[in-house]
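# Structural features, examined
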Amino acid sequence: MLYIGVMSGTSLDGLDIALVALDGSIRLLASHYIPMPQALRAELLGLCASGPDEIARAAIAEQNWVSLAAQGINTLLEQQRLKPDAVRAIGSHGQTIRHEPARGFTVQIGNPALLAELTGITVVSDFRRRDVAAGGQGAPLVPAFHEALFEARKGQRAVLNVGGFSNLSLIEPGQAVSGFDCGPGNVLLDAWIQDQRNEPYDRNGQWAASGRVDSALLQALLSDPFFQTQGPKSTGREVFNLNWLKRHLSRLPALAAEDIQATLLELSARTIVESLTSAQEKTEELLVCGGGAHNAALMARLAQLLPGTRVGSTATHGVDPDWVEAMAFAWLAQCCLDGIKANRPSVTGARGLRVLGAIYPA
């Protein structure tokens, strides 16, 4: 059974498209990446905050997003010499533009009807809102997939996804999987280097590694109420963004730009580790996926802060860290079509298990 997963995360760097075989095992067969056009990225970022003519702008932006996704899917099918009817369904996350579960809503745009029309493949989308309707956070949704993919036969294992934001899945034999958002992953690191150096991201964390952590700034950032709460919890750009950082900077003496970057990396590492150790004290192995797995400075700092834990990417278990989330949405599409309840109340706080997603037939 072949499925395609499409993931466009909060980093807004591009679309990850994964062709996955789900036949009792979970296997990545092929993948394709499309960079996000700058104009579309700017518009999607703009839609994360209130602005003029939002409804029309969102409708046009999602048409452009879907055109990009369909182009990538059709290219992947051509590369693999597959026809659309060889794929049972596309699991499309869409693009999150607002996530406020405390106010009872989360919004992902991605016009699944148009995506079905442009690809000729059934589309399953809108995975988060049913969990929110049931009183949950609607995020993270990947822990159930992480459990299926990286089941721990003994000991305690954790899977860490570091995209724009970081989230943990805690896996232990005989226990319900748990998980939650930890806080900013790459979102502040990317925003600061874009603001200061006009570079899309800090390659390997080199700029952060050139600076020094400022303890006053770090403590100010860690004072945010989000870090004082326990899971289930989730967050997004509504809370952590460049303006949030600059408000904190305005209250402190001027700092070198590279020292700010170093402090932001420490914030990401520290909040991940503190979240992990408070929820699962004796983690034997931490598997990292997402863009953060390529940040050498972040990976080294995680290893330093977790001396009793093996820290490595999901590649050590044969799964490319760049494609884990896209694979997850292929898996969630299968769960929806087969009527399998795929949220986890222990993760999101929902009132119970629910089938996630809405189906748009080809």
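Residues numbered from 1 in each chain as written. Predicted model: local features only at pLDDT ≥ 70, side-chain atom pairs only at ≥ 80, totals over all residues. Heavy atoms only, no water.

All right, on to the nonpolar core then. Counting residues in each nonpolar core, the largest one holds 41 residues, and the members touching the most others are L160, L168, W192, L245, L264, L267 and L286. Among the elements that take part in this core, helix α10 (residues 257-279) stands out by supplying 9 residues, more than any other. Sequence-distant contacts of L267, that is, excluding residues within four places in its chain, are made with P184, L188, L218, L221, L222, F227 and W244. In this structure, F127, A144, I171 and V177 belong to the second largest nonpolar core, which totals 35 residues. (Core = buried A, V, L, I, M, F, W, Y, C linked by side-chain atoms within 4.5 Å. Buried < 20%, exposed > 50% of the residue type's maximum accessible area, 1.4 Å probe, protein only. Helix = DSSP H or I, 4+ residues; strand = E, 2+ residues; numbered from the N terminus. Contact = heavy atoms within 4.5 Å.)

Before going further, it helps to spend a moment on the UniProt feature "binding site: ATP" (unreviewed entry) in the protein chain. Within this structure's numbering, the places UniProt gives as "binding site: ATP" (unreviewed entry) are G9, T10, S11, L12, D13, G14, L15 and D16. The residue L12 is located in the loop between β1 (2-8) and β2 (14-22) in this model. On the accessibility criterion, L12 (2% relative accessible area) is buried. The contact partners of L12, leaving out residues within four places of it in the chain, are M36, R41, L44, L45, Q95 and R237. If near-sequence neighbours (up to four positions away) are discounted, D13 is found in contact with Y33, P35 and M36. (UniProt positions renumbered as here; feature names shortened; annotations may be inferred.)

To continue, consider the environment of I121. Topologically, I121 is positioned in the loop between α3 (112-119) and β6 (123-125). Judged by its relative accessible area of 1%, I121 falls in the buried class. Measuring from C-alpha to C-alpha, the distance between I121 and G185 comes to 33 Å, with 64 residues separating the pair along the chain. Leave out the neighbours within four places in its chain, and I121 touches I73, L77, P84, V87, R88, A89, I90, A116 and A362.

With that out of the way, let us pick up the pattern of salt bridges. Going through the model one piece at a time under the given rule, you end up with 12 salt bridges. With a closest N to O distance of 3.7 Å, E285 and R310 form a salt bridge. Of this pair, E285 sits in strand β10 (residues 285-289) while R310 sits in strand β11 (residues 310-313), and the two are 25 residues apart along the sequence. Of the residues examined, R310 reaches a relative accessible area of 52% and is grouped as exposed. Linked through salt bridges whose partners overlap, the residues forming this network are R157, E285 and R310. (Salt bridge = Lys/Arg side-chain N within 4 Å of Asp/Glu carboxyl O.)

Bringing the layout of surface pockets into the picture now. Of the volumes computed, that of the second largest pocket is approximately 290 Å³. Together, 18 residues line the second largest pocket, and T229, Q230, K233, S275 and S278 are the ones closest to its centre. Sorting the residues of the lining of the second largest pocket by element identifies β9 (178-184) and α10 as the ones contributing at least two each. Residues belonging to the lining of the second largest pocket are distributed by class as follows: 6 nonpolar, 10 polar and 2 charged. (1 Å grid on protein atoms, 1.4 Å probe; cavity = no way out; pocket = protein on both sides within 12 Å on 5 of 7 lines; lining within 4 Å. Points joined across faces, edges and corners; volume = space filled by probe spheres on them. Nonpolar A, V, L, I, M, F, W, Y, C, P; charged D, E, K, R; others polar.)

This brings us to helix α11 (residues 296-305). Within the sequence span of α11, burial applies to L298, M299 and L302. One face of α11 carries all of its buried residues, which in axial projection span an arc of 100 degrees. Contact partners of the buried residues in α11: β7 (157-162), α10, β10 and β11. Regarding α11, its N-cap is N295, as a side-chain oxygen of that residue lies 3.2 Å from the backbone nitrogen of A297 further along. (Arc of directions from axis to C-beta. Polar contact = N/O pair within 3.5 Å; in protein donor to acceptor, adjacent residues only side chain to side chain.)

This part is about the pairing of strand β5 (residues 105-109). Where strand β4 (residues 87-100) meets β5, 5 bridges bridge the pair, whose relative direction is antiparallel. Directly across from T96, in β5, lies its bridge partner Q108. Hairpin connection from β4 to β5: 4 residues lie between these consecutive antiparallel strands, with G104 at a positive phi of about 85 degrees. (Pairing = 2+ DSSP bridges.)

A few words on the pairing of β9. The element β9 is largely enclosed, with a buried count of 6 among its 7 residues. Relative to β9, strand β8 (residues 165-171) is paired through 6 bridges, and the arrangement is antiparallel. By the bridge assignment for β9, S166 is matched with G183. Hairpin connection of β8 to β9: 6 residues between the antiparallel strands, including G174 at a positive phi of 80 degrees.

Relative to the elements of secondary structure, H99 occurs in strand β4. With relative accessibility at 9%, the residue H99 sits in the buried group. Reaching out from H99, the side chain makes a polar contact with the backbone oxygen of Q137 at a distance of 3.3 Å. Setting aside residues up to four positions removed in sequence, H99 forms contacts with F105, T106, Q137, G138, A139, S234, T235 and E238.

The omega torsion across A139 and P140 is -15 degrees, close enough to zero to call that bond cis. Look at N111: it is not a glycine, yet its phi comes out positive at around 30 degrees. In this fold, N111 is placed in the loop between β5 and α3.

Within the secondary structure, E172 sits in the loop between β8 and β9. Counting along the chain gives 19 residues from E172 to R153, while the straight-line C-alpha distance between them is 7.8 Å. Among the polar contacts listed, one links the side chain of E172 to the side chain of Q156, at a separation of 3.3 Å.

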